[in-house]
Amino acid sequence: MSDFSYIDHLECTICGREFPYDGLATVSECCGKVLFVRYDLPRLRREVDRSIFDDRPSNMWRYNELLPVTDAGNVITLGEGGTPLLDAATLAREVGIRRLLVKEEGLNPTGTFKARGIAAAVSKAVEVGARGFTMPSAGNAAGAAAAYCARAGTPVKVFMLQDAPDANKKESIVAGSELNLVDGLISDAGRISVGIAAEQGLFDLSTLKEPCRAEGKKTMGLEIAHQLGWRMPDAIVYPTGGGTGIIGMYKGFQELLELGWIEGKPPRFYAVQADGCQPIVKAFNDGTDTAEPWPNAATKADGLRVPGPFADYLILQAIRETGGGALAVSDDEMVDAMYRLAAAEGIIACPEGAATLVGLERLLADGSIGADEEVVLLNTGSGYKYLDLLRGPEE
Ligand SMILES: *Cc1c(COP(=O)(O)O)cnc(C)c1O
Ligand SMILES: [Zn+2]
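Residues numbered from 1 in each chain as written. Chains lettered and ligands numbered in written order. Predicted model: local features only at pLDDT ≥ 70, side-chain atom pairs only at ≥ 80, totals over all residues. Heavy atoms only, no water.

Looking at this structure, how should I read the coordination of the zinc ion (ligand 2)?
When a metal carries six donors in an octahedron, the ideal angles between them are 90 or 180 degrees, while four donors in a tetrahedron ideally lie at 109.5 degrees. Ligation of the zinc ion (ligand 2) by protein atoms is provided by Cys-12 (SG), Cys-15 (SG), Cys-30 (SG) and Cys-31 (SG), these donors lying 2.3 to 2.4 Å from the ion. Considering all four donor atoms around the zinc ion (ligand 2), the spread of angles at the metal, 103 to 119°, places the coordination shape in the tetrahedral class. Of note, the zinc ion (ligand 2) draws all its donor residues from one chain, in the sequence arrangement C-x2-C-x14-C-C. With Cys-15 in the loop between strand E1 (7–12) and strand E2 (18–19) and Cys-31 in the loop between E2 and strand E3 (35–39), the pair connects residues that are 16 residues apart, well separated along the chain. (Donors = N, O, S within 2.8 Å, 3.2 Å for Na, K, Ca; no water. Tetrahedral: all angles 85-135°; square planar, octahedral: opposite > 155°, others 65-115°. Helix = DSSP H or I, 4+ residues; strand = E, 2+ residues; numbered from the N terminus.)

Encoded structure:
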């Protein structure tokens, strides 16, 4: 019998120092930066064959051996993950590429891929003793936190930006979280959230300031490899805010490679950001290892409005080590691409996801991506949360 989780320890992503995972974990005490969960991969490789995943229910917990929750009874789930990898043949013809796939994350509970990270983080935190949470968010993460905390029966205080989409405010309210609106930036909401957590003995769920949201998002990479018959695409185009998805997927592919379950090179990761908030693009172009906070960040794509990502160095590593890149697109281009994705493929995408189509076209035009390649676009959420960006019949 294999273990439910092959979790082994935590590791500082700056200096490599190891820590036991025996309580609530935040950032590394040595360097104050991101902690990665590490698994006993040699033992997993000996004890488990990748074919065991085939017959399990199609949700992210089918990869439980590579997730941090140690007891199956502690999993808090709404059925997240197991989303389709859609073959977008019409769009592929339109943009001129051999094979285009869309990972459709809009089908997750609460309508975005945030569900994966929050399900993992809330499950693990409750397992190791959390009794309540705080959550700063531009919108979608808070909605997911509200839903999963309701499911867990634990309270959560949400600190959401004043101008977050209506859908996010309402989902937080209906799921019973305490919604606090913040007049400021995501960094301000983050500071308030961490402060209240410390003061009131709550656990703060800020992305990459605890190790498990990246583990949840990692399952997108595991699924893509599995859905392709245990291989990787040439490139992944990803709408990048805090970077949890890019960092998580890259980590996931590295684990699969180490397990010998896939072979070859990880896909090239391309980070797409918004013209009005592109700290990673600037850092990539400047050749720096970290990103400067982007001043006066503004974009309709709320998931991309992260002016100073805490894990900037890990995003840049994932892009550079895989030979990928970073580029920014305008809000108007994103909205236009929402129409094109829906008309060509029936995919009602969020503006962040639609941004990847614009990014792909740009990357094809400048030769970064070749016409003979196989590329995955990440549609990170459902367009139903952004109906105000779409036209009605009278307009
Ligand atoms: C949060 C969010 C993003 C950015 O995700 P990261 O993994 O933090 O970079 C992209 N799209 C949507 C819809 C989001 O909610
Ligand atoms: Zn360290």
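Would you mind going over the pairing of strand E8 (residues 178–182) with me for this structure?
In summary, the side chains of a regular strand alternate between the two faces of the sheet. In this structure, strand E7 (residues 156–161) lies alongside E8, joined through five bridges in parallel fashion. Across the sheet, Leu-161 pairs through a bridge with Val-182, a residue of E8. A crossover links E7 with its parallel partner E8, the connecting element being helix H5 (residues 166–174), and its sense is right-handed. (Pairing = 2+ DSSP bridges. Right-handed = clockwise from strand over helix to strand, strands pointing away.)

When you look at the pairing of E1 in this model, what are you seeing that I'm missing?
Counting buried positions along E1 gives five out of six residues, so the element sits mostly inside the fold. Here five bridges tie E1 to E3, and the two strands are oriented antiparallel to one another. For His-9, the partnering residue across the bridge sits in E3 and is Arg-38. Direction of pairing for E1 relative to E2: antiparallel, over a ladder of two bridges. (Buried < 20%, exposed > 50% of the residue type's maximum accessible area, 1.4 Å probe, protein only.)

Help me out: how do you make sense of the site of ligand 1 in this one?
Within the structure, ligand 1 sits among 17 residues, and Lys-114, Tyr-238, Gly-241, Gly-243 and Thr-380 are positioned closest to it. A distance of 2.9 Å separates an oxygen atom of ligand 1 from a polar side-chain atom of Asn-140. Burial of ligand 1 by the protein amounts to 96% of the accessible area it has alone, namely 390 Å². Elements with a minimum of two residues in the shell around ligand 1: strand E10 (235–239) and helix H8 (244–258). Considering only residue class, the shell around ligand 1 consists of five nonpolar, nine polar and three charged. (Near = heavy atom within 4 Å. Polar contact = N/O pair within 3.5 Å; in protein donor to acceptor, adjacent residues only side chain to side chain. Areas by Shrake-Rupley, 256 points an atom, 1.4 Å probe, with all protein chains shown as cover. Nonpolar A, V, L, I, M, F, W, Y, C, P; charged D, E, K, R; others polar.)

Even after reading the chapter, I still don't get the packing of helix H3 (residues 114–127) against helix H7 (residues 212–227), so can you show me in this structure?
Axes are the key here: two packed helices are described by the angle between their axes and the distance separating the axes. Interhelical geometry of H3 versus H7 gives an angle of 135° and a closest axis separation of 6 Å. When the axis of H3 is compared with that of H7, the two are oblique. Here H3 and H7 pass one another in a crossing that is right-handed. Residues Lys-114, Arg-116, Gly-117, Ile-118, Ala-120, Ala-121 and Lys-124 of H3 form the contact with H7, whose own contacting residues are Cys-212, Arg-213, Gly-216, Lys-217, Thr-219, Met-220 and Glu-223. (Axes fitted to C-alpha atoms, helices over the stretch in contact; angles between N-to-C directions. Parallel < 35°, antiparallel > 145°, perpendicular 65-115°, else oblique. Left-handed = near helix turned anticlockwise from the far one by under 90°. Contact = heavy atoms within 4.5 Å.)

Would you mind going over the sheet that holds E3 with me for this structure?
In a beta sheet, neighbouring strands are held together by backbone hydrogen bonds and run either parallel or antiparallel to one another. Strand order in the open sheet formed by three strands is E2-E1-E3, with antiparallel pairing between adjacent strands. Each of the sheet's edge strands pairs with one partner strand only, and the pair in question is E2 and E3.

Just to check I follow, could you spell out unusual backbone geometry for this structure?
What is expected of a backbone is that most residues other than glycine have negative phi and most peptide bonds are trans. A positive phi is found at Thr-110, a non-glycine position, where the angle reads about 60°. For Thr-110, the position within the fold is in the loop between strand E5 (99–104) and H3. The exposure class assigned to Thr-110 is partly exposed, which follows from its relative accessible area of 21%. Despite not being glycine, Trp-230 shows a phi value in the positive range, around 60°. Tracing the chain through its elements places Trp-230 in the loop between H7 and E10.

Even after reading the chapter, I still don't get helix H4 (residues 140–152), so can you show me in this structure?
An α-helical turn contains 3.6 residues, so any two residues separated by three or four positions project in the same direction. In this model H4 runs 18 Å from its N-terminal to its C-terminal C-alpha over 13 residues, within 8% of the 18 Å that 1.5 Å per residue would give. Most of H4 sits out of view: ten of its 13 residues are buried. Those residues of H4 that sit buried are Asn-140, Ala-141, Ala-142, Gly-143, Ala-144, Ala-145, Ala-146, Ala-147, Tyr-148 and Cys-149. Considering only its buried residues, H4 is in contact with H3, strand E6 (133–137), E7, H5 and H7. Immediately downstream of H4, the backbone of Gly-153 shows phi near 75°, a positive value. (Expected span 1.5 Å × (residues − 1).)

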